[in-house]
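Inside the fold
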Amino acid sequence: MRVTRPRVAVLTAVHAYPHADTDTIISAVRTELPDVSHQAVYDCLHALTAAKLVRRIQPSGSVARYESRVGDNHHHVICRSCSVIADVDCAVGHAPCLTASDENGFVIDEAEVIYWGLCADCSTA
């Protein structure tokens, strides 16, 4: 993968803002590269995701989010009230973390688990 200023800026933004949406990443990149286009950021996110340098998640009812934690098959917990997202380490055992009750002939190599609830701030409010 070729190293470009936009790719470095996008990767830096993803590291600085875990679970950020594209608008947040665009705003962060534009502090360093004011003239970067939306499309350039989208292209960088696509390339970085394809290269497995960032991970794209899209929880139900949410826009796509990006994070720099890759390669460990971790999961997420999301607040139903304020939508804050936090990482949760693998639920049980080795990747894919959970054993399906019936693989239906698939060779499973990844599991995506999202826990939903209220964060500490929202549950005490």
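Predicted model, so just to flag it, every value in this text is computed and none were measured. (Residues numbered from 1 in each chain as written. Predicted model: local features only at pLDDT ≥ 70, side-chain atom pairs only at ≥ 80, totals over all residues. Heavy atoms only, no water.)

Focus: the nonpolar core
Among the nonpolar cores identified, the biggest contains 18 residues, and V10, V14, I25, V29, V41, L45 and Y66 are the most heavily contacted of them. Listed by contribution, the elements that provide at least two residues to this core are α1 (5-16), α2 (22-32) and α3 (38-50). If we ignore the near neighbours within four places in the chain, the residues touching V41 are V10, I25, I26, V29 and V36. (Core = buried A, V, L, I, M, F, W, Y, C linked by side-chain atoms within 4.5 Å. Buried < 20%, exposed > 50% of the residue type's maximum accessible area, 1.4 Å probe, protein only. Helix = DSSP H or I, 4+ residues; strand = E, 2+ residues; numbered from the N terminus. Contact = heavy atoms within 4.5 Å.)

Remarks on the pattern of salt bridges
Side-chain pairs of opposite charge can arise whenever the charged atoms involved come near each other. Across all of its chains, the model carries four salt bridges by this definition. Between R69 and D72 there is a salt bridge, with its nearest N and O atoms 2.5 Å apart. According to the relative accessible area criterion, R69 is partly exposed, its value standing at 27%. Accessibility expressed as a relative area gives 31% for D72, which makes it partly exposed. (Salt bridge = Lys/Arg side-chain N within 4 Å of Asp/Glu carboxyl O.)

Quick word on the pairing of strand β4 (residues 75-79)
In terms of residue burial, β4 counts as a mostly covered element, since four of its five residues are buried. Alignment of β4 against strand β5 (residues 85-88), held across four bridges, turns out to be antiparallel. Bridge assignment links I78 to a residue of β5, and that residue is I85. A loop of five residues connects β4 with β5, the two strands running antiparallel in sequence, and S83 in this loop sits at a positive phi of about 70°. As judged from the four bridges shared by β4 and strand β6 (residues 114-117), these two strands associate in the parallel manner. If you follow H76 over to β6, its bridge partner there is I114. (Pairing = 2+ DSSP bridges.)

Describing unusual backbone geometry
For H19, which is not glycine, the phi torsion reads 65° and is therefore positive. On the secondary structure map, H19 appears in the loop between α1 and β1 (20-21).

Digging into the environment of N104
Inspection of the secondary structure puts N104 in the loop between β5 and β6. Exposure remark for N104: the relative accessible area of 58% places this residue in the exposed category.

Here's the deal with the sheet that holds strand β3 (residues 65-67)
Reading across the sheet, the three strands line up as β1-β3-β2 and stay open at both edges, with antiparallel pairing between neighbours. Strand pairing shows two members of the sheet lacking a second neighbour, β1 and β2 (55-57), which therefore form its edges.

So, the side chain of H74
As for its placement among the helices and strands, H74 is situated in the loop between β3 and β4. Only 3.3 Å separates the side chain of H74 from the side chain of H76, close enough to count as a polar contact. Every residue in contact with H74, bar those within four places of it in the chain, is listed here: R55, E67, R69, D87 and V88. (Polar contact = N/O pair within 3.5 Å; in protein donor to acceptor, adjacent residues only side chain to side chain.)

Remarks on the sheet that holds β6
As a general point, the strands of a sheet are linked pairwise by backbone hydrogen bonds and lie either parallel or antiparallel. What the three strands build is an open sheet, ordered β5-β4-β6; its pairing is mixed. Strand pairing shows two members of the sheet lacking a second neighbour, β5 and β6, which therefore form its edges. Direction aside, the axes of adjacent strands within the sheet are offset by 25° on average. (Axes fitted to C-alpha atoms, helices over the stretch in contact; angles between N-to-C directions.)

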